[in-house]
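What follows is the residue order along each chain.
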Amino acid sequence: MNVNLGIPYEAIVRKAIEQGYAGNQTEVIRQALLAYERLLEEEEVKLVNKGIELEMQEIREGKLKTKSLAHIKKKYNL
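Draft legend 1. Broad picture of the layout of surface pockets. Considering only enclosed or pocket space, the largest pocket measures out at about 230 Å³ in volume. Contributions of two or more residues to the lining of the largest pocket are made by α1 (7–18) and α2 (25–60). In terms of residue count, the dominant contributor to the lining of the largest pocket is α2 (5 residues). Among the residues making up the lining of the largest pocket, the classes are represented as 5 nonpolar, 3 polar and 3 charged. Reported here for the second largest pocket is a volume of approximately 190 Å³. Residue lining of the second largest pocket: M1, N2, V3, L5, I29, A32 and L33, and that is the complete set. Its residues placed into classes, the lining of the second largest pocket shows 6 nonpolar, 1 polar and no charged.

Okay, structure coming up:
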């Protein structure tokens, strides 16, 4: 795969190599992709947690009904 990053990004790649964070351009790109993947995963976790908190707030306010684990087990013969 050949990638043309452009001058500003190439400077970042060179700087990362010069500072010893990576041995070559490929390592810089791999590290950047892994960091981006972690960022996306963290964002997904934040969104899930926000959704859970919103539902918990609705439960506390009585807007959502809940059922006990015993009720669910009985209903599905578990």
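Draft legend 2. View of the pattern of salt bridges. Counted under the stated rule, the structure contains 2 salt bridges. A salt bridge links E53 to R60; its shortest N-O distance comes to 2.7 Å. Overall, the relative accessible area of 54% leaves R60 in the exposed class. A salt bridge links E61 to K63; its shortest N-O distance comes to 3.1 Å.

Conventions adopted
Residues numbered from 1 in each chain as written. Predicted model: local features only at pLDDT ≥ 70, side-chain atom pairs only at ≥ 80, totals over all residues. Heavy atoms only, no water. 1 Å grid on protein atoms, 1.4 Å probe; cavity = no way out; pocket = protein on both sides within 12 Å on 5 of 7 lines; lining within 4 Å. Points joined across faces, edges and corners; volume = space filled by probe spheres on them. Helix = DSSP H or I, 4+ residues; strand = E, 2+ residues; numbered from the N terminus. Nonpolar A, V, L, I, M, F, W, Y, C, P; charged D, E, K, R; others polar. Salt bridge = Lys/Arg side-chain N within 4 Å of Asp/Glu carboxyl O. Buried < 20%, exposed > 50% of the residue type's maximum accessible area, 1.4 Å probe, protein only.

Function cannot be inferred from these measures alone, as they are strictly geometric.
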